[in-house]
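Report on the structure
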Amino acid sequence: MGTGRGVRWLAMGLLAGLGLLLGSLGTGPTGARAQGPVMGGTLRVGLDAGAKSFDPHFSLQWPERYVMYAVYNTLVGLDKDLNVIPELAKSWDISRDGRTITFHLQTGVKFHDGTDFDAEVVRWNIERIKDPKNKSPQRLVLDAIERVEVVDKATVRLHLREPFSPLLPSLAIYPGFIVSPAAVAKYGADFPRHPVGTGPFRFVEWVTDSRVVLERFGGYWAKGKPYLDRIEFRIVPDPTVRTVMLRSGELDLTDGIKARDIPTLEADPNVRLAKLDSLRFTGLQWRVDQPPFDNKALRQAIACAIDRKQIKEAIYSGTGRVATHPDGGGWWYDLTIQGCDANPELAKKKLAEAGHPNGFRHRFSVSNTADEVLLTELIQQQLAKAGIQMDLELVNPAERYARVIEGKINWTHTFWSPRPDPHIRFYNLFHSKGFDNTTKYSNPEVDKLLAEAAATYDVKARKALYNRLERIIVDDAPYVFLHWPQITAGMNRRVQNFVWIPDLILRVRELWLMK
Amino acid sequence: MWRFIAQRLVLSLPVLFLVSVVVFGVMRLALGDPVAVMLGQETVDPETRQALRAALGVDRPIHVQYLDWAGRLLRGDLGRSFTLPMGVAEVIGERLPVTVELSLLAMLLALAAGIPLGILAALRRNSAPDVVASGVAAVGISMPSFSLGILLIFCFALKLRWLPSSGFVPFRQDPWQNLRHMLLPMLSLSAWYLAILTRFTRGTMAEVLREPFILVARSKGLSAGTVILRHALRNCLVPLVTVLGVNLPVLVAGSVITETIFALPGMGRLLADSILGRDLAVVQGVVILITLFVVVINLIVGIGQAYVDPRIRYRGSGVA
C-alpha cells in the first residue's frame, strides 16, 4: 500500500486512461459526437422493378421518382410534415387576390450539361407540361396556370385563372421538376434515358431492369453538397430478396420491408429501421351509382361489420393504425373523426334497413397476390358474422385497376398513396368530375367544399372544410377505409441523415455514409 | 441433306405467320386497353389518355394494326416499345445475352451431370448410384424453381456469404464476377432440366443395353467402355437429341422465375413484364424471336437426328 511501485502503476493507469479519453474525443469510427457529414462513399439502394422513363413530365412508375429526386430539383420542396419549403425557388409571394404567385429563384444554378437555370427555363418547363401536343399526364395538374411571365432572370410570375392553393404543393412533385431544355432538344425522344437536371447527382447509366448509376455533380448550387460520391440503384423486383441483400450487406438502403420481417431486422446489429406512420390508406370500393351498392344503408352495414383492429393485428402484425376516414396525417389531420368499426349488431340492423334482412351476397374481385388474398379472406370471415357473403373472384394484379376503370369490376380493394396537398387526392377520388372517381360518387356539397377549400390560402379555413368533407365521406361510404399502414425502410447502420417524407418516396440526396 | 434442310425451312414459314397472327390477336383483343394498364393508378384526364392511344396506334382497327406491324417486320423493323424509350430491337438486344448465357450454362450443367448420372444409374440398376440418381431427379422435377432459388440465396448468399444474392455483371466487364452472379441462378434453373435428362438417359440406356447387339459386341471381346460409349450411347442419341431440343425452349421460358428471383435483366423477365404491362410491341417482338428460335432448334434437331442416324437421312430425302 502506497509503495513506490504501487504509485507508479497508478500513475501509468491514470495516464493510459487519460490518453484513451483524449483519443476517443477525436475523429473515431463511431463519430457520433465527432463531426458532421462525412464526404464520399457509394450508396447502394434497392429499387423495385418497373422504371421506364426518367423524364418527370411523363414519368408514371413509382421507382422512377427515387432516381428523379436525386437527378433533378423541383421548384419547391417538402419537409417531413409536408410543408412547402424553398428549393429552386428561394422564396415566393402570393398576391392578395390569390391569383398571382411570384417566385424568386436561386441564382448561379447550372444544369449538368452546363446550361443556365433561370426564369425562362421555368417558363419553358411549365409550358412543356401544359402543351396538349406533348400529351403529358401532368397537363391538367397545372390547368390553374393561365400564363407564365418572366419578370427577370431570377423572377418568374404565375398568373392563375382563379386562386388555387393546391398549386404550390403540386410544384414539389412531378409537375415541378425542372429539366434542361437544351438536353431535351439534343436527345429528343431519347431524353428519358439521359436525364439532365440541376440536382446534386449526375446521371451516369441505366441498364434497364438491372441498375441505375449516378455520380456527384460537382457544380451543384448548394455548396458543400452532396455528400456521397456515387449512388447505385440496384433493381431487384422481389422485396424479400431486397431484405436479404440488406442483411448480407449487398444493399445499404431499401424500402418495402414487410411487417413480419421487422423483428429479424431489429435483432440485426448492422441494420437500422426507419418507420413512418403513413398517410396511405387501404380500403374497399364499389360503384355507388348502380345497384346493389347505390344503397347507403348497405354500404354503412359493411363498413360497420368489419373489425379493423383484428385486421391490424392479423395482417399488419400490429403495425400501422386503424383507419375509418381517408386521411391520417398532415396539417389537415383530424383525430376526432370516428367511423363505424367492429359492430356486427349495428351492421345487421343497417342491413335490414337496407332491405336485406336475410343477408346479402355479392362478388368481390381481389388481386391474386398472397397479401391481398389473406386480407380479403379475413374480411370475408368478419362479414359472414353479419350475414354478408363475399364471393371471391381472383384477378391479375396488373390489370385489376384497368378493369375497375372500364367498369368491369365493381366491388374490390384499393389503396391510395398520399399527395402533398389534401385537395389532390380528395378531388380525384370524391369530386364528381375527379379523374380517379371510379366509384362514380357524386355529391354537390362535397364538390362545393372542395372548390371553397382550393380557393383559399388560409390553412385553418382549409382544414375545417376538409374535415367537414371527410365526415360526409365517412357517412356516405363510397369507400370503406380500413388501415393506414406503417411504411418501413431498412438501412445499413452506416447510413446517416435519413428522413422519411410522407409522400413515401425515399429521398437519397441528403444522405451520407459513416466510414 | 440439303433438300432435307430446304424442306424444313419452307415448312416453317406458315408456322411463323400463324404464330404472329395468333399472338397479335390475343394480345390486342383479349387483353384490353394497353394505355389503361400503362397508366396504372396515375391520375390522367381522358383527353390525354385518348391522345396516348392514338400516338401508339392502338385506336385503329385491328387488321390495320397487324398489316402495319407485319409490313415493318418484313423490312426488319421491330418498332418502338410502348413503355420504354427505346426501340424493340434494342431492348431485346440488351436482354438476349443474359438469357442466352443463363440457358446455355444451365443446359451444359444439366448435360454434364445428367447424362453421366443417367448412364451410371442404368448400369448399376437398383443399387446405390441408381437410388441417388433417381432421388436427385425426383427432387429436381418436383421442386419449384422459386423455392430452390430462394433457398440457394438464403444458404449461399446470406448464411455463408460465398456468393452474391442477385444481380448481373456483363461478361465483358468482369468475367469472374459474371460467373459468380450466374452460379446460383444456373443451379436453380438447371435442376429441372437435369432431372429430365437423368431420368431419360437412364430409361433409354437401360432399354438399349438389353438389345441383342450389345451381347454380341461384348462377346466379340470389346471393352465395357467401348460398348457403352460407342455403341449403346450412340443409339440413345436420337431420342436424346429430340428431348434436348423439345425442352430447350421450356428452359428459356422457365427462366422468367429464375430471372425475377435473382434480378437478372433477361428476356424471360422482359416478356413477363411486357405482357403484364401491355407493352404489345415488345411482346410481339419477343414472341416472334422465340418462335424463330424454336423453328431453328427443331431444324437443328432434325439435322442432328439425320446425322446421328443415317436411316433418317435417307428416308427423309426420299431415297428408298
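Below or above, wherever it landed, is the structure these notes cover. This structure is a prediction, so every number in the text was calculated from the model and none was measured. (Residues numbered from 1 in each chain as written. Chains lettered and ligands numbered in written order. Predicted model: local features only at pLDDT ≥ 70, side-chain atom pairs only at ≥ 80, totals over all residues. Heavy atoms only, no water.)

Check the secondary structure of chain A and you find 15 helices and 21 strands. With respect to the principal axes defined by its C-alpha atoms, chain A has extents near 95 × 75 × 45 Å. Residues classed as buried in chain A amount to 55% of the 515 residues present. A fraction of 68% describes how many contacts in chain A between residues 6 or more apart in sequence connect residues 24 or more apart. Summed over all atoms, the accessible surface of chain A reaches about 21,300 Å², with 54% contributed by carbon and sulfur. The average position of the 68 basic charges and that of the 60 acidic charges among the side chains of chain A differ by 4 Å. (Helix = DSSP H or I, 4+ residues; strand = E, 2+ residues; numbered from the N terminus. Buried < 20%, exposed > 50% of the residue type's maximum accessible area, 1.4 Å probe, protein only. Contact = heavy atoms within 4.5 Å. Areas by Shrake-Rupley, 256 points an atom, 1.4 Å probe, with all protein chains shown as cover. Lys, Arg positive; Asp, Glu negative; His and termini not counted. Charge placed at Lys NZ, Arg CZ, Asp CG, Glu CD.)

Turning our eyes to something else, we now look at a nonpolar patch on the surface. Residues and elements named next belong to chain B. A cluster of nonpolar residues, Leu96, Val100, Leu104 and Leu108, forms a patch on the protein surface that exposes about 320 Å² of accessible area. As for its placement among the helices and strands, leucine 108 is situated in helix H5 (residues 88-123). Assessed through its relative accessible area of 47%, leucine 108 is described here as partly exposed. (Patch = residues over 30% accessible without salt bridge, like charges linked within 9 Å, V, L, I, M, F, W, Y side chains within 5 Å. Salt bridge = Lys/Arg side-chain N within 4 Å of Asp/Glu carboxyl O.)

So, on to the packing of aromatic side chains. All names here are of chain A. Per the stated rule, a full pass over the model turns up 26 aromatic pairs over all chains. Taking the centre distance of 5.5 Å and the plane angle of 80° together, the rings of phenylalanine 498 and tryptophan 500 count as edge-to-face. For phenylalanine 498, a relative accessible area of 16% corresponds to the buried category. On the accessibility criterion, tryptophan 500 (7% relative accessible area) is buried. (Phe/Tyr/Trp six-rings, centres within 6.5 Å; stacked < 30°, edge-to-face > 60°.)

Moving on, we get to the state of the cysteines. All names here are of chain A. All told, the structure shown has one disulfide over all chains when counted by the stated rule. Sulfur-sulfur distance for the disulfide between cysteine 304 and cysteine 340 comes to 2.0 Å. Residues cysteine 304 and cysteine 340 share a disulfide whose torsion about the S-S bond is about 115°; that sign makes it right-handed. Of this pair, cysteine 304 sits in helix H8 (residues 296-305) while cysteine 340 sits in the loop between strand S14 (321-322) and helix H10 (344-353), placing them 36 residues apart in sequence. For cysteine 340, a relative accessible area of 24% translates into the label partly exposed. (Disulfide = S-S within 2.5 Å.)

Turning our eyes to something else, we now look at the interface of chain A and chain B. Between chain A and chain B, the contact holds 44 residues from the first and 46 residues from the second. Between chain A and chain B, roughly 3,800 Å² of surface is buried when both sides are summed, and carbon and sulfur atoms account for 53% of that area. Joining chain A to chain B, the criterion identifies eight salt bridges. Ionic pairing is found between Arg278(B) and Glu399(A), a salt bridge with its closest N-O pair at 2.3 Å. Among the elements of the structure, helix H6 (239-248), helix H12 (397-405) and strand S17 (412-416) of chain A are those that each provide at least two residues to the side of chain A that touches chain B. With six residues, the single largest contributor to the side of chain A that touches chain B is H12(A). Class assignment for the residues of the side of chain A that touches chain B results in 22 nonpolar, seven polar and 15 charged. (Buried area = accessible area lost by both parts, 1.4 Å probe. Nonpolar A, V, L, I, M, F, W, Y, C, P; charged D, E, K, R; others polar.)

Residues and elements named next belong to chain A. Ranked by internal contacts, the top residues of the largest apolar core, which has 102 residues, are Phe103, Leu214 and Phe233. Ignoring sequence-local partners within four residues, the contact set of leucine 214 consists of Val67, Ala70, Val71, Phe201, Arg202, Phe203, Val204, Asp229, Arg230, Ile231 and Phe233. One finds Trp286, Ala323, Val446 and Leu450 within the second-largest nonpolar core, a separate group that totals 54 residues. (Core = buried A, V, L, I, M, F, W, Y, C linked by side-chain atoms within 4.5 Å.)

Any two packed helices are characterised by the angle at which their axes cross and by the distance between the axes. Residue and element names in this part refer to chain B. Two elements in contact, H5 and helix H12 (residues 280-308), have axes separated by 10 Å at closest approach and are oriented at 55°. Classified by the angle between their axes, H5 and H12 sit oblique to one another. H12 is crossed by H5, and the crossing has right-handed handedness. Along its contact with H5, which presents Val88, Ile92 and Leu96, the element H12 presents Ala281, Val282, Gly285, Val286 and Leu289. Here the contact of H5 with H12 is built from residues that sort into seven nonpolar, one polar and no charged. (Axes fitted to C-alpha atoms, helices over the stretch in contact; angles between N-to-C directions. Parallel < 35°, antiparallel > 145°, perpendicular 65-115°, else oblique. Left-handed = near helix turned anticlockwise from the far one by under 90°.)

Now for unusual backbone geometry. Excluding glycine, residues mostly have negative phi values, and the peptide bonds linking residues are mostly trans. Note that the residue after Lys225(A), namely Pro226(A), is joined by a cis bond; omega there is 0°. With respect to the helices and strands, Pro226(A) occurs in the loop between strand S9 (211-216) and strand S10 (230-235). In this structure, the amide linkage connecting Pro291(A) to the following residue, Pro292(A), adopts the cis form with an omega of -5°. Checked against the element boundaries, Pro292(A) lands in the loop between strand S13 (281-285) and H8. Backbone geometry places Lys440(A), a non-glycine residue, at a positive phi of 60°. Among the structural elements, Lys440(A) can be located in the loop between helix H13 (422-430) and helix H14 (444-455). Its identity as a non-glycine residue notwithstanding, Ala263(B) has a phi of 50°, on the positive side. Relative to the elements of secondary structure, Ala263(B) occurs in the loop between helix H10 (224-261) and helix H11 (267-276).

A separate point is the sheet that holds strand S4 (residues 89-94) of chain A. Within a sheet, neighbouring strands are paired by backbone hydrogen bonds and run either parallel or antiparallel to one another. All names here are of chain A. Read across the open sheet, the four strands follow the order S4-S5-S7-S6; overall the sheet is antiparallel. The open sheet has two edge strands with one neighbour each: S4 and strand S6 (145-152). Between one strand axis and the next, the sheet turns through 20° on average, direction left out of account. Pairing of S4 with strand S5 (residues 100-105) involves five bridges; the strand directions are antiparallel. Within the sheet, the bridge partner assigned to tryptophan 92 lies in S5 and is phenylalanine 103. Its contacts with the sheet place helix H3 (residues 119-130) against S5, S6 and strand S7 (155-160), and it is angled at close to 165° to S6. (Pairing = 2+ DSSP bridges.)

With that settled, consider the packing of H5(B) against helix H6 (residues 128-142) of chain B. Residue and element names in this part refer to chain B. One way to put it is that H5 packs onto H6 with a least axis distance of 8 Å and a crossing angle of 135°. As far as their axial angle goes, H6 and H5 are oblique. Every pair of crossing elements has a handedness; the one defined by H5 and H6 is left-handed. Within the contact between the two elements, H5 uses Leu117, Leu120 and Ala121 and H6 uses Pro129, Asp130, Ala133 and Val136. Residue classes in the contact of H5 with H6 are distributed as six nonpolar, no polar and one charged.

Another aspect to go through is the environment of Phe164(A). Residues and elements named next belong to chain A. Relative to the elements of secondary structure, phenylalanine 164 occurs in the loop between S7 and helix H4 (167-170). Linking phenylalanine 164 and arginine 99, residues 65 residues apart in sequence, is a C-alpha distance of 7.6 Å. When residues no more than four places from it in sequence are discounted, the contact partners of phenylalanine 164 are Gly98, Ala144, His423, Ala454 and Tyr457.

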